[in-house]
Amino acid sequence: MLAFLQRTRTDKYYNQTLRRIFTLWEKIRKGYVYEKTLELCRPLVETNNSLVLDVGAGTGRFYDLIKDHEVIFLDYAEVMINALKQRFGGKERVSIIRGDGRFLPFKESSVSFVVLLRFLAHYEDQMSIILESKRVLRVGGYILLDKVKFLCLTTFLSKLFRIVDFHPSRDFERVLVENGFVVEKKFDYFFLPAIIYTFIPRVLSRIVDTIPFFRCRRFYKVRKI
Ligand SMILES: C[S@@+](CC[C@H](N)C(=O)[O-])C[C@H]1O[C@@H](n2cnc3c(N)ncnc32)[C@H](O)[C@@H]1O
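Once that is clear, we can look at the overall build of the protein. A count of helices and strands for the protein gives eight helices and seven strands. Summarising the internal contacts of the protein: among those between residues at least 6 apart in sequence, 68% fall at separations of at least 24.

As a further point, take helix 5 (residues 126-136). Those residues of helix 5 not exposed but buried are Gln 126, Ile 129, Ile 130, Ser 133 and Lys 134. Summarising the axial view, the buried residues of helix 5 lie within an arc of 145°, below the 170-degree limit, and thus occupy one face. Lining the buried residues of helix 5 we find strand 1 (51-55), strand 4 (111-116), strand 5 (137-148) and strand 7 (217-224).

Burial within strand 4 is extensive, with six of its six residues counted as buried. In this structure, strand 1 lies alongside strand 4, joined through three bridges in parallel fashion. Its bridge partner being in strand 4, Val 52 is matched across the sheet by Phe 113. Running through helix 5, the crossover from strand 4 to the neighbouring parallel element strand 5 is right-handed.

To continue, consider unusual backbone geometry. Residue Arg 93 is not a glycine yet carries a positive backbone phi of 65°. Structurally, Arg 93 is set in the loop between helix 4 (78-88) and strand 3 (94-98). Looking at Arg 93, the number of C-beta atoms within 10 Å reads 14, which means it is partly exposed. Its identity is not glycine, yet Arg 118 carries a phi of approximately 55°, on the positive side.

For the rest of this paragraph, the subject is the environment of Gly 56. On the secondary structure map, Gly 56 appears in the loop between strand 1 and helix 3 (63-66). In the structure, Gly 56 is positioned 60 residues away from Leu 116 in sequence and 7.0 Å away in space, judged by C-alpha atoms.

A separate point is the environment of Asp 64. On the secondary structure map, Asp 64 appears in helix 3. The class of Asp 64 is partly exposed, set by 14 C-beta atoms lying within 10 Å. Along the chain, Asp 64 and Leu 38 lie 26 residues apart, while their C-alpha atoms are 7.9 Å from each other.

As a further point, take the nonpolar core. Among the nonpolar cores identified, the biggest contains 34 residues, and Val 55, Val 114, Val 115, Leu 116 and Ile 143 are the most heavily contacted of them. Counting only elements with at least two residues in this core, the list comes to strand 1, helix 3, strand 2 (70-75), helix 4, strand 4, helix 5, strand 5 and strand 7. In this structure, Val 33, Val 148, Phe 190 and Cys 216 belong to the second largest nonpolar core, which totals eight residues.

Our focus in this paragraph is the sheet that holds strand 4. Strand order in this open sheet of seven strands is 3-2-1-4-5-7-6, and the pairing throughout is mixed. Only two strands of the sheet have a single neighbouring strand rather than two, namely strand 3 and strand 6 (181-189). Going across the sheet, the axis of each strand differs from the next one's by a mean of 15°, ignoring polarity. Summarising the sheet, strand 1 and strand 2 pair through five bridges and their orientation is parallel. Opposite Val 55, over in strand 2, you have Leu 74 as the bridge partner.

Rules behind the numbers
- Residues numbered from 1 in each chain as written.
- Predicted model: local features only at pLDDT ≥ 70, side-chain atom pairs only at ≥ 80, totals over all residues.
- Helix = DSSP H or I, 4+ residues; strand = E, 2+ residues; numbered from the N terminus.
- Contact = placed C-beta atoms within 7 Å.
- Buried ≥ 20, exposed ≤ 12 C-beta atoms within 10 Å, placed from the backbone.
- Arc of directions from axis to C-beta.
- Pairing = 2+ DSSP bridges.
- Right-handed = clockwise from strand over helix to strand, strands pointing away.
- Core = buried A, V, L, I, M, F, W, Y, C linked by C-beta atoms within 7 Å.
- Axes fitted to C-alpha atoms, helices over the stretch in contact; angles between N-to-C directions.

This is the structure in structure tokens:
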């Protein structure tokens, strides 16, 4: 009886959490930041039928960017895995794996593209995570990653958002090159807690996007050589 009550309570908690996450992400998905990300990141890879690994996939927000490929969503959190299963379970060419992005359960050179979006900022030692992604990436494959810019509004707010990413971009890029990557593309855009974009008009988002101090996040598309 107790087990039944506990399970019902847990199920209720998950369902409520999932509903909240989906409502929030659905709003953001249709918003300025999401569309801008897709616009700037396309094409992800020139050829279809590549194997794309989305590490720290969350709710699979970037599926539209990778849907022409075989996709593996990997996340550590059970609640995210449930969200992914609810959304993509049973879809052809989509696998959902619970695992740790710092220790990927894949062989060397087994994937063509790794997505590390809004993931690295949670960790101090970002390069070891990038190198773990590099290990499973084939030569010539890409990683799409983002980092918080050093001198921007987010740096000042970072204590609040528990972001630990303070590496100056120049150092970060140098270390990428030293570790066998070519930076093929980089771009900055305005990023605060993305929920803000749900409330401000698009025209205002576009204006703020032109001010360097507010362009808080830098995206990189890097190739393994
Ligand atoms: C800020 S969310 C970003 C989700 C998604 N990439 C996006 O941009 O919408 C970070 C995600 O990384 C996951 N995560 C954090 N540490 C992880 C780890 N070591 N291995 C796998 N997933 C992890 C969290 O569970 C969460 O879903």
